[in-house]
Amino acid sequence: MITKLARISELSKERTNMKFNSIGHLINYDMLKACHNKMDGSKAVGTDGTSKADYNENLEENLRNLVQRLKNKSYRLKPARKVEIPKDNGKTRLLSVYTYEDKLVQEALREILEAVFEPHFYENMCGFRPNRSCHGAIRRLNDMIEGQKTNYILDADISGFFDNLSHEWIIRFISSRITDPNIIRLVERMLKAGVLKEVECTMSFKVNECQQLSLEESFMNLTDRERKALEKSWAKILADEIFSAIDEQRFSVLYSDKASRPNTPVNVIIGALIIKELFDYSDDEIVENLMFDLHIQYTLHTTSFAEQPLSDKTLIHFRKRYYDYETLHSVDLYHDCVKDFSGKIARIMKLNGRIRRMDSMMIESNIRFLSRIELIYTCISKLIVFVIKNHPDKVVESLKHYADPDNYNRIFYYRRNDDMDEIIQTLLTDNCSLLDTCNAEYEEVTEYQLFVRCLSDQTVIENGKRRLRTKEDGTLNSSALQNPSDTDATYRNKAGKLHRGYAANIEETVGKNGSVVIDYQFDKNNPYGQPFSSGNSFTDGKSFLKK
């Protein structure tokens, strides 16, 4: 690999007009492995929580998977996290933190770009070049001052230089020597990878002090018979054993540390989400039942509240804060909370934990089932809406009806079944028209990616014409898109039942009184039941808070 890069460097220096049109294949298994070996393992982990040691545990499989995604152009860089590093002058500079895998690809691309462009830099240029540093620049400056006639020294700095570089000119500059579309595409994706922004919550964190039931509780007005019935119900166990075990402080990172409007009690939110799952309530139902159901109020210790503290927006905003925090820091706050509950429930059930077993289960995604035609229509519609919003002049008149919300009902509910063949043919024709309209400039657009993914899943081209995929063409891959609202949800046929969503390997502690799930591994549906890769983590909270 070093020999090939050295030869590219020689050719670039000798033939100044030469353009390299096929060098993307150099980013292969061997090159990425060499980049991995050079990485500093002491550096901070990536935004996905993966360190060099973690990646090394299953290195060969990880690298081959990465190479395959690079080849089939499905590799996407994750957004970087910006971290402020203090400077000597009291100010700070921003440092971008990427995933470990993205750093490998960046290093491989750097080596290729360096081989092509390094021979053409002036000798006095010392920034970000091999075998050069600021010390060399200082030595050169000393030589010039001491050995040459010097009248003026100008010290200049460009504020926010890298933040204001034109992406268009970067691509034009690189394309002057490299015309390999794979390299250009990779550079463009790196420039458009984006940044994870931590939005500060305006609410301050405050621990819920209403933990003890008092004489002012509303249930004190109950008769002795009613009170005994309440204390023998499920509410008593949840109130004493589960609600009291919720560690609110764990979630304080979701709120501001500045004095402002206090948050809705976190233990009430977590407790409500648990009850919501136990009884299969919707958000509206748990909020409404909390207002009128004394069992839920007793469980959440809110019987003394003049007005119940939850609304549907409370749950939505909490989920968003939770999701944003996990995306930014790769920390699942809810998972440890659930593990604490599991241990407490196991002790209540008198399970000693010495007997454990593993099992698998399906986790249904909270998405509506779409027929193949509805799925294709939905992907077309979402892309049309995006194009009209951003480039209205690019959409032909015959496709604009897809942006009309009422058009869906007119096609699927007001048309006869006899018209279905005509609808299918119209959709396939419009697909081709839309592909011609949206060229390579839309490659990084999510709506376009879903549209292309859907076409790849559901259609084939035969004799130059696009048609729906049939059984003769082979069964759909389990990773086929199910609904644009949840792009990670896949399907699996198990025991004669079709599951759309995710799979989990669960770990239970077992005893004569039953069993309790103490942990599980969460991932996309696995069509053949293979064990999950070691890189996955237990994320109970992700599925719990998605709903």
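Structure: see above.
Residues numbered from 1 in each chain as written. Predicted model: local features only at pLDDT ≥ 70, side-chain atom pairs only at ≥ 80, totals over all residues. Heavy atoms only, no water.

### Quick word on the side chain of Q482
At step 1: Within the secondary structure layout, Q482 lies in the loop between β6 (465-468) and β7 (490-494).
At step 2: Only 2.9 Å separates the side chain of Q482 from the backbone oxygen of A480, close enough to count as a polar contact.
At step 3: Of note is the side chain of Q482, whose polar atom sits 2.8 Å from the side chain of R500.
At step 4: What Q482 contacts, discounting residues up to four positions off in sequence, is I367, L370, L375, A489, T490, Y491 and R500. (Helix = DSSP H or I, 4+ residues; strand = E, 2+ residues; numbered from the N terminus. Polar contact = N/O pair within 3.5 Å; in protein donor to acceptor, adjacent residues only side chain to side chain. Contact = heavy atoms within 4.5 Å.)

### Some details on empty space enclosed by the protein
At step 1: Counted according to the given criterion, the structure contains 1 cavity of 30 Å³ or more.
At step 2: The space that makes up the largest cavity amounts to roughly 50 Å³.
At step 3: Surrounding the largest cavity, L238, I242, F243, I246, G271, I274, I275, T299 and L300 form its lining.
At step 4: Looking at the lining of the largest cavity, the elements with two or more residues in it are α10 (234-242) and α11 (266-278).
At step 5: Per-element tally for the lining of the largest cavity: the top contributor is α11, with 3 residues. (1 Å grid on protein atoms, 1.4 Å probe; cavity = no way out; pocket = protein on both sides within 12 Å on 5 of 7 lines; lining within 4 Å. Points joined across faces, edges and corners; volume = space filled by probe spheres on them.)

### With respect to the packing of helix α4 (residues 59-71) against helix α5 (residues 100-117)
Two quantities define a packed helix pair, namely the angle between the helix axes and the distance between the axes.
At step 1: α5 packs onto α4 with a crossing angle of 65° between their chain directions and a minimal axis gap of 12 Å. Our pair here, α4 against α5, has a crossing hand that is right-handed. Here N62, L63, L66, R69 and L70 of α4 come into contact with α5, specifically with E101, L104 and V105.
At step 2: Class assignment for the residues of the contact of α4 with α5 results in 5 nonpolar, 1 polar and 2 charged. (Axes fitted to C-alpha atoms, helices over the stretch in contact; angles between N-to-C directions. Left-handed = near helix turned anticlockwise from the far one by under 90°. Nonpolar A, V, L, I, M, F, W, Y, C, P; charged D, E, K, R; others polar.)

### Concerning the nonpolar core
Across soluble globular proteins, nonpolar side chains show a tendency to be buried alongside one another.
At step 1: If you look at the biggest cluster of nonpolar residues, it comprises 37 residues, and the most contacted ones within it are I23, I27, L32, L70, L104, I112 and I183.
At step 2: The set of elements that each furnish at least two residues to this core consists of α1 (2-14), α2 (29-38), α4, α5, α7 (167-175) and α8 (181-191).
At step 3: With 9 residues, α5 is the single largest residue contributor to this core.
At step 4: Apart from the residues lying within four places of it in its own chain, the contact partners of I183 are I23, G24, I27, L109, I112 and I178.
At step 5: Counting 32 residues, the second largest nonpolar core, distinct from the first, contains V266, I286, Y322 and Y325. (Core = buried A, V, L, I, M, F, W, Y, C linked by side-chain atoms within 4.5 Å. Buried < 20%, exposed > 50% of the residue type's maximum accessible area, 1.4 Å probe, protein only.)

### Here's the deal with the pattern of salt bridges
At step 1: This model, assessed by the stated rule, comprises 18 salt bridges.
At step 2: A salt bridge links D283 to R319; the shortest N-O distance between them is 2.8 Å. Taken together, the residues span a long stretch of sequence, with D283 in helix α12 (residues 283-292) and R319 in helix α14 (residues 312-329) at a distance of 36 residues.
At step 3: Assessed through its relative accessible area of 16%, D283 is described here as buried. (Salt bridge = Lys/Arg side-chain N within 4 Å of Asp/Glu carboxyl O.)

### What to know about the packing of aromatic side chains
At step 1: With the rule as written, the count across this model stands at 7 aromatic pairs.
At step 2: Judged by centre distance (5.9 Å) and plane angle (50°), the ring pair of F251 and F318 falls under tilted. Of this pair, F251 sits in the loop between α10 and α11 while F318 sits in helix α14, and the two are 67 residues apart along the sequence. Each member of the pair, F251 as well as F318, is classed as buried.
At step 3: Three or more aromatic residues joined by ring pairs make a cluster, and in this case those are W234, F279 and Y281.
At step 4: Its guanidinium or amino end placed over the ring of Y29, R64 lies 4.2 Å from that ring's centre, counting from NZ or CZ.
At step 5: Taking NZ or CZ as reference, R172 lies 3.9 Å from the ring centre of W169, over its face. (Phe/Tyr/Trp six-rings, centres within 6.5 Å; stacked < 30°, edge-to-face > 60°. Lys NZ or Arg CZ within 6 Å of the ring centre and 35° of its normal.)

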